[in-house]
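Structural description and commentary
Each chain, written out:
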Amino acid sequence: MTVNIGTSCQLLDVVAVSVFTWSFIRLAHLVRRHARTARLKGPPSNNLIFGFPEVLVTPDSAEIYEAWAVRYGPVYQVPSLLGTSRILLCDPKAIAHFYARDTTTYRLTPLAKFLTYMLVGRESLVTSHGDAHKRLRKSITPAFTVTVIRTHLPTFYDTVYKAKVAWDNILENSPDGATIEVQEWLSRISLDIIGIAGFSHDFASLSGKKSAVSTVLEDIANTEPSPAFVYISLLAQLFPALLRLPNPRTRLTHMLNKNMGMISQELLERTKKDNEKGASEGQKDNSITGLLIKAGSADSEFHMSEEETLAQMKVLLLAGYETTSISLTWALMELCRDQEAQTTLREELSQLHGDPTWDQVTNGLPYLDAVVHETLRLHAPITETTRIATEDDVVPLSDPVFTASSPHPVTHLSIPSGTIVSVPIASINRSTSFWGSDAKVFKPSRWIEEGGIPERAKEVQGHRHILTFSDGPRACIGKGFAVAVLKAVLSVLIRNFIFEFRGGPETKVGIAVGVFPRPKIKGEEGSRVPLHVKRVE
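Please read these numbers as outputs of a predicted model, since none were measured by experiment. Each chain carries its own residue numbering, running from 1 in the written order of its sequence. Local features in this predicted model are restricted to residues whose pLDDT is 70 or higher, and side-chain atom pairs enter the listing and the counts only when it is 80 or higher, whereas totals over whole chains, interfaces and linings include all residues. To get the side-chain values, take all heavy atoms of the structure and skip hydrogens and water.

Each strand in a sheet pairs with its neighbour through backbone hydrogen bonds, running either in the same direction (parallel) or in the opposite one (antiparallel). Pairing in this open sheet of five strands is mixed, and the strands run 1-2-8-5-3 from one edge to the other. In this open sheet, the two strands that pair with only one neighbour each are strand 1 (75-79) and strand 3 (106-108). Neighbouring strand axes in the sheet, compared pairwise and without regard to direction, differ in orientation by 40° on average. Two strands form a pair only when DSSP identifies at least two bridges running between them. Counting from the N terminus, the helices are the DSSP runs of H or I reaching at least four residues and the strands are the DSSP runs of E reaching at least two. Of the strand pairs in this sheet, strand 2 (residues 85-89) and strand 8 (residues 420-423) are connected by three bridges, and their pairing is parallel. Of the residues in strand 8, the one forming a bridge with Ile87 is Val421. Axis definition: a line fitted to C-alpha atoms, limited for helices to the stretch in contact. Angles are taken between N-to-C directions and run from 0 to 180 degrees.

What follows is the structure in C-alpha cells.
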C-alpha cells in the first residue's frame, strides 16, 4: 500500500488551519461579548479546560449555587468550558424577566436542543420556539383543562387500587409488614395512569407486563456513567455532537426514543380508529391523545401535523410518567423520615368516607396539598433552566448589586447575544434566603400556617411561589394533571399503609442519574427504594 505523504501533510495542514481559525473566531466572539457584559462577581475557575465542572456533573448542585449566591450576590458568573462562562440568576425580578422571554429572547442551548432532539424529536413543545411554540401550546392546552383532568380522577383511583390489592396480597401473611421496592411500583402506577388517561391504553404494568419504555428508563438509571462519558458530557457543552460517540448511555437514549416512537405511532393509529368508530356511535374520547388528534385535524384553528402529534405523545409519555413516579417516591421517603407528618396526613384522610372527591382533592384537604407541594419544593425533577440569549437584553434586578467593573451598584444587567444564562431551580426552591432557616427541612405545615410562606419567597413567580414547574411560556402545561395524580395516589396509599425506612429515620438517601434524577437508598443497587410497609389496621 502506498501512502502519499505530501497529501497527508496537506490534509493535516487544512485541519490545523481550520481548528486555529475556529478557535480564533471563538476567542474574538468571547472577547467582544466579555467587553459588552457587566463584569459580575463569581467563583474563580478551578480547571483551565472545564472551568468549574463540579456543577455540571453533580446530580444536585443546589447547595453549591446557594453558597455562591450568598458570597457573590443574587446574580453571578460561573466559569465554564474553554474560557466561557454562564450567568446565574437568583434574583426574583431577573428570574421573572428571564422566564417571560423564554422561547423568544432566550432559547434552548445547542446541547439542550441536541439532547431533546435525541429524546423526543424536533417537533415537540419543549423544542419549539416563538410562534411555533405558541401554536403548539394553544393546540395542547385543551387536553389539560380542569374539566378534562377532573374526568380522569376515577382512572387515577382505579389504577392505584390495583397496586393496593397487590400489596395486600404481599402483606397477607405478614402482620408486621414486609419490604416493598416502592419506586418500581410507583413507576408502574404512573405508567398505567398515563397510558389510560393519556392514550386510552392500559400498559398493564401493574399486572406484570413489562413496558419497553420503563425497562430502558430503569437501565439508564442503573447504568453508572463511566469517567470517559463524564468528560464527553462536559465537552458536549460546546460540542454536542460528541454525544454521538458510542457509549452505553447514548445507546440506551436512542433505544428509548425508538421505543417511545413505536409505542406512540401504534397508539396514535389505534386512537384514530377508535375515534372513527366512536364518532359513528356518538362516543367522545377524553384522552389526551384523543384531544391532540382533534387539535391536529385539518379544520382545527391550530392545526398540528402527525409528526407534531407524535412528538407531543413522546413528551407526555416520558415527562408525565417519569417525573410523576419520581415525585411520588420522594413523597413517601420524606414521610418515612417524618413519621409525625405521615400520621397527620393519615388522620386527615381518615375523616373521609371513601376516596376524595374532585372538590376535596383540589380544595378540601389542606395537609395533603401541603405534603404534595412541600415535596415538589424540595425535590424538583428538573433542577435548573439553562438558555442562550439570541439577542441583546437588559435584565432588571430586585435589588442593586455591585459588579467587578463598577464602583456603584447597578439595577439592571446587560446580557449580550450568545450569553448562557441559568436559573438554578432547586437552589432557589430550597434557599434560606427565600424560605428561611428551615428551608432544607420537610415541613408541610409551612403551607398552612399563617405567615408560613416568607415574603421573600412570595416574590418568586410560578406555581405557588416555587419554580418546579418552571414559569412563563414554557411553564409545565401538565402541572394540574401532575398535582391531581400525586394527591390521588398518596390519598389511597397513606390511608391504607404505613411506610418506614428499614434502617430508621436516619437512613441515607442519594441520587441515581437517569433521564431525570431518581431518588435511591444509599447502599442499594441502581435506583432501588425498598421500604418497610405494613397495613393500617
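Picking up where we left off.
Turning to the nonpolar core, a few remarks are in order. Within this scheme, the nonpolar core is defined by two criteria: the residues are buried Ala, Val, Leu, Ile, Met, Phe, Trp, Tyr or Cys, and they are joined through side-chain atoms within 4.5 Å. Burial classes: relative accessible area under 20% of the type maximum marks a residue as buried, over 50% as exposed, and values in between as partly exposed (1.4 Å probe, protein chains only). Counting residues in hydrophobic clusters, the biggest one holds 125 residues, and the most contacted among them are Trp167, Val182, Phe481 and Phe499. For every domain, the bounds stem from an assignment made automatically or drawn from a database. Split by domain, this core shows at least three residues from each of two domains, domain 1 (40-118 + 383-442) and domain 2 (121-382 + 468-536). Residue contacts are counted whenever heavy atoms from the two residues lie within 4.5 Å of one another. Those residues within four positions of Trp167 in sequence are excluded, and the remaining contacts are Ile180, Val182, Trp185, Leu493, Phe497, Phe499 and Val533. Residues Val55, Tyr65, Trp68 and Cys90 belong to the second largest nonpolar core, which totals ten residues.

Ordered by their spatial adjacency, three strands build an open sheet running 4-12-9, and the pairing between neighbours is antiparallel. Edge strands, defined here as strands with exactly one partner in the open sheet, are strand 4 (178-181) and strand 9 (497-500). Across the sheet, the mean angle separating the axes of adjacent strands is 40° when strand polarity is ignored. Strand direction decides the pairing type here: strand 4 and strand 12 (residues 530-535), joined by four bridges, are antiparallel. Paired with Glu181 across the two strands is Pro530, which belongs to strand 12.

Residues Leu48, Ile49, Leu82 and Phe239 make up a contiguous nonpolar surface patch of about 410 Å² in total accessible area. For Ile49, the position within the fold is in the loop between helix 1 (5-36) and helix 2 (54-57). Here, patches come from residues exposed beyond 30% relative accessible area and free of salt bridges, joined within 9 Å for like charges and within 5 Å for nonpolar side chains (Val, Leu, Ile, Met, Phe, Trp, Tyr). Only the protein chains shown count as cover for residues, and the accessible areas themselves come from Shrake-Rupley with a 1.4 Å probe. By definition here, a salt bridge exists when the distance from a side-chain nitrogen of Lys or Arg to a carboxyl oxygen of Asp or Glu is within 4 Å.

Moving on, we get to the packing of aromatic side chains. The rule is short: rings of Phe, Tyr and Trp, with Trp giving its six-membered ring, pair when the centres are within 6.5 Å, and they are stacked under 30 degrees, edge-to-face over 60, tilted in between. Counted by the stated rule, this structure contains eleven aromatic pairs. With a centroid separation of 6.2 Å and an interplanar angle of 70°, the aromatic rings of Tyr65 and Trp68 are classed as edge-to-face. You can see Tyr65 and its partner Trp68 sitting in helix 3 (residues 62-72), three residues apart, about one turn around the helix. A single burial state applies to Tyr65 and to Trp68, both of which are buried.

In terms of burial, strand 1 is largely enclosed, as five of its five residues are buried. Both faces of strand 1 are covered, namely the face carrying Val75, Gln77 and Pro79 and the face carrying Tyr76 and Val78. Following strand 1, the chain reverses through five residues before pairing antiparallel with strand 2; Leu82 in that reversal takes a positive phi of roughly 50°.

Listed under "binding site: heme" (unreviewed entry) in the UniProt record, and renumbered for this structure, are Cys476. Secondary-structure assignment places Cys476 in the loop between helix 19 (455-458) and helix 20 (479-496). Here Cys476 is in contact with Arg137 and Phe469, once residues within four sequence places are set aside. UniProt positions are given in the numbering used here, feature names are shortened, and annotations may be inferred rather than shown by experiment.

Now for the packing of helix 13 (residues 306-337) against helix 20. For the pair helix 13 and helix 20, interaxial distance at closest approach is 10 Å and the crossing angle is 40°. Overall, the two elements helix 13 and helix 20 adopt an arrangement that is oblique. As for the relative orientation of helix 13 and helix 20, their crossing is right-handed in sense. Every residue of helix 20 that contacts helix 13 at Thr324, Ser327, Leu328, Ala331, Leu332 and Leu335 is listed here: Val485, Leu486, Val489, Leu490, Leu493 and Ile494. As a working rule, the residues Ala, Val, Leu, Ile, Met, Phe, Trp, Tyr, Cys and Pro are called nonpolar, Asp, Glu, Lys and Arg charged, and the rest polar, with Gly in that last group. Tallied by class, the residues present in the contact of helix 13 with helix 20 amount to ten nonpolar, two polar and no charged. For this classification, under 35 degrees means roughly parallel, over 145 means roughly antiparallel, 65 to 115 means roughly perpendicular, and everything else is oblique. The sense of a crossing depends on the near helix, which, turned anticlockwise from the far helix by less than a right angle, makes the crossing left-handed and, turned clockwise, makes it right-handed.

For Gln183, the position within the fold is in helix 8 (residues 182-199). Those residues in contact with Gln183 that sit more than four places away from it in its chain are Thr329, Arg518, Pro519, Ser527 and Val529.

The phi dihedral of Ser200 falls on the positive side, at around 55°, and the residue is not glycine. Inspection of the secondary structure puts Ser200 in the loop between helix 8 and helix 9 (212-222). With relative accessibility at 44%, the residue Ser200 sits in the partly exposed group. A positive phi angle is found at His465, which is not glycine, with a value near 70°.

On to the pattern of salt bridges. Per the stated rule, a full pass over the model turns up 22 salt bridges. In this structure, the salt-bridge partner of Arg86 is Glu384, at a minimum N-O distance of 3.0 Å. Taken together, the residues span a long stretch of sequence, with Arg86 in strand 2 and Glu384 in the loop between helix 16 (366-378) and strand 5 (385-389) at a distance of 298 residues. On the basis of relative accessible area, Arg86 is assigned to the buried category, the value being 6%. For Asp102, the salt bridge goes to Arg474, with nearest N and O atoms at 3.6 Å.

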